[in-house]
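# Architecture and fold: a report
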Amino acid sequence: MAHSAAMPRRKPRLRTELSDADEARLVEAVALFGLPKAEVVRRLIRASVQAGPALSAENTKAVVALASQVRMVGRNLSQVLKAIHRGQAVRIEDTEPVWRGLHEAIAAINDELTEMTVAYGSKLRREAKLALSEEIEP
């Protein structure tokens with residue numbers, strides 16, 4: 001169906017021909033990431049210009065789990081602030097273990113996210129021969 005000026009296309013599309021070798025690589029990437037071909041291509045485009053993290057399906061699930069941990073940290077902070085506002089807060093010296101635990105949880109989450117996004121993205125770009133010279137290795 002032809003599109004008129006009154007009915008423009010909703011999203012840009014790309015149709016391309018691949019060599020047998022590139023098709024094999026795409027099929028391999030689909031199996032590796034557990035994603036549809038179109039999503040693999042979109043993520044490779046983003047990764048090639050470093051527009052966002054390159055994550056496998058497994059890492060995406062890990063990010064969801066880490067987000068849950070971040071929400072738990074936020075709830076803990078909220079409870080502490082509510083206690084302070086109610087005048088139920090203990091001395092600051094007594095709260096030091098709580099703050100230390102929250103800091104350690106946040107640092108662990110940050111480290112895991114950095115490992116996933118930087119290391120995995122770097123690996124993908126190296127394998128695709130797209131590594132940039134200023135790339136930071138973990």
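The rules behind each value
Within any chain, residue numbers begin from 1 and follow the written order of that chain's sequence. Local features in a predicted model are, by the rule used here, given only for residues with pLDDT of at least 70; side-chain atom pairs are given and counted only at 80 or more, and totals for whole chains, interfaces and linings are based on all residues. As a rule here, side-chain values cover all heavy atoms of the structure and leave hydrogens and water aside. Only DSSP runs of H or I reaching four residues or more are called helices, and only runs of E reaching two or more are called strands; each is numbered from the N terminus. Residue exposure (1.4 Å probe, protein chains only): buried if accessible area is under 20% of the type maximum, exposed if over 50%, otherwise partly exposed. We call two residues contacting when some pair of their heavy atoms lies within 4.5 Å. The accessible surface values rely on the Shrake-Rupley method and a 1.4 Å probe; as for residues, cover is taken only from the protein chains in view. Expected span of a helix, by definition, is 1.5 Å for each gap between consecutive residues, and there is one gap fewer than residues. Here, nonpolar core refers to any group of buried Ala, Val, Leu, Ile, Met, Phe, Trp, Tyr and Cys residues whose side-chain atoms link them within 4.5 Å. When a carboxyl oxygen of Asp or Glu is within 4 Å of a side-chain nitrogen of Lys or Arg, the pair counts as a salt bridge.

## A closer look at the overall build of the protein chain
In terms of regular secondary structure, the protein chain is built from four helices and zero strands. Scanning the protein chain from its N terminus toward the C terminus, one meets helices and strands in the order α-α-α-α. Sorting the 138 residues of the protein chain into buried and exposed places 18% on the buried side. For the protein chain, contacts bridging at least 24 residues in sequence account for 47% of all contacts bridging at least 6. Carbon together with sulfur atoms contributes 59% to the accessible area of the protein chain, which is approximately 10800 Å² in total.

## Regarding helix α3 (residues 57-85)
Taking 1.5 Å as the rise per residue, α3 with 29 residues should run 42 Å; its terminal C-alpha atoms sit 42 Å apart, in good agreement. Turning to α3, its buried residues are Asn 59, Leu 66, Val 73 and Ala 83. Where α3 terminates, the next one or two residues include Gly 87, which has phi positive at roughly 80°.

## Details of the nonpolar core
Counting residues in hydrophobic clusters, the biggest one holds five residues: Leu 26, Ala 29, Phe 33, Leu 35 and Val 40. It is helix α1 (residues 20-33) that provides the largest number of residues to this core, a total of three residues.

## Considerations on the pattern of salt bridges
Note on pairing: side chains with opposite charge can pair once their charged atoms come close. Under the defined criterion, the tally for this structure stands at five salt bridges. Glu 39 is the salt-bridge partner of Arg 43, the closest N and O atoms lying 2.9 Å from each other. You can see Arg 43 and its partner Glu 39 sitting in helix α2 (residues 37-48), four residues apart, about one turn around the helix. For Arg 43, a relative accessible area of 23% corresponds to the partly exposed category. A cluster of three or more residues bridged by salt bridges with shared partners is formed by Glu 39, Arg 42 and Arg 43.

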